[in-house]
Amino acid sequence: MKLKIKLGDITKVKAAAIVNAANNSLLGGGGVDGTIHRIAGPELLAECRSLGGCETGKAKITKGYNLPADYVIHTVGPVWQGGNHQEIELLASCYVNSLTLAEEYHCKQVAFPSISTGIYHFPIEKAAEIAVSAILNYGENHPEIQLVEMICFDETTKKHFDQALKKYLNGT
Ligand code: ADP
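Residues numbered from 1 in each chain as written. Predicted model: local features only at pLDDT ≥ 70, side-chain atom pairs only at ≥ 80, totals over all residues.

An unreviewed UniProt entry annotates the protein chain as O-acetyl-ADP-ribose deacetylase originating from Acetobacterium tundrae.

Dropping the structure here:
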């Protein structure tokens, strides 16, 4: 598996699957979730309504409708509450469960936004390290997913992901 860190808007990415940083209702919200629903169109919301929500750390899949991506994987990141509420394990689960679903649907490329680091306030430095290690550890045993792209919406997020990748590769 190859992991690329890019600056961009995930709603423009033509991957087999893009991941949405959703909330428990799966009925849309602010941030990247709002943009994904706006571009995908009302059919996405209709499909999401049939899913019965999603637990924190888990993931559910829908079609991509008007998005360039074939599928949207909706995962619910933890709200940061200081770090003693299983936030770390739950954030890692978001990445692992999203990749597991992508693989089940034979998606060879998957694009992620930085889950939980917007409205959910997870500290970016920690979140980037958790994301990079969850993705690359998964990739070691699952060669079916060839490319994972982290789509960072701003320079600061990208800087932290670049650093986290470097740190992971250096084994520090
Ligand atoms: P959460 O509620 O999980 O924190 P947010 O959507 O508030 O989710 O933020 C998660 C990350 O997604 C933030 O870094 C935010 O800047 C970023 N983001 C917002 N819009 C987009 C977009 N169109 N493409 C990629 N990332 C985005």
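*Asks:* Just checking my understanding: could you explain the overall build of the protein chain for this structure?
*Replies:* Summing up its helical and strand segments, the protein chain has five helices and six strands in all. Sequence-ordered secondary structure for the protein chain, helices as α and strands as β, is β-β-α-α-β-β-α-β-α-β-α. Taking 172 residues into account, the globule formula puts the C-alpha radius of gyration at 16 Å, and the protein chain, at 15 Å, falls close to it. The dimensions of the protein chain, computed from C-alpha atoms along their principal axes, are 45 × 35 × 30 Å. Relative to its 172 residues, the protein chain shows a buried fraction of 45%. A separation threshold of at least 6 residues defines the contact pool for the protein chain, and within that pool the share at least 24 residues apart is 73%. (Helix = DSSP H or I, 4+ residues; strand = E, 2+ residues; numbered from the N terminus. Rg over C-alpha atoms; globule rule 2.2 N^0.38 Å. Buried ≥ 20, exposed ≤ 12 C-beta atoms within 10 Å, placed from the backbone. Contact = placed C-beta atoms within 7 Å.)

*Asks:* Where do I start with the pairing of strand β2 (residues 17–22) in this structure?
*Replies:* Moving residue by residue along a regular strand, the side chains alternate between the two faces of the sheet. A large share of β2 lies buried, amounting to six of its six residues. Note: β2 against strand β4 (residues 71–76), six bridges, orientation parallel. Counterpart to Ala17 in the pairing with β4 is Tyr71. In this sheet, strand β5 (residues 109–112) lies alongside β2 in parallel orientation, the contact comprising two bridges. Of the residues in β5, the one forming a bridge with Ala17 is Val110. (Pairing = 2+ DSSP bridges.)

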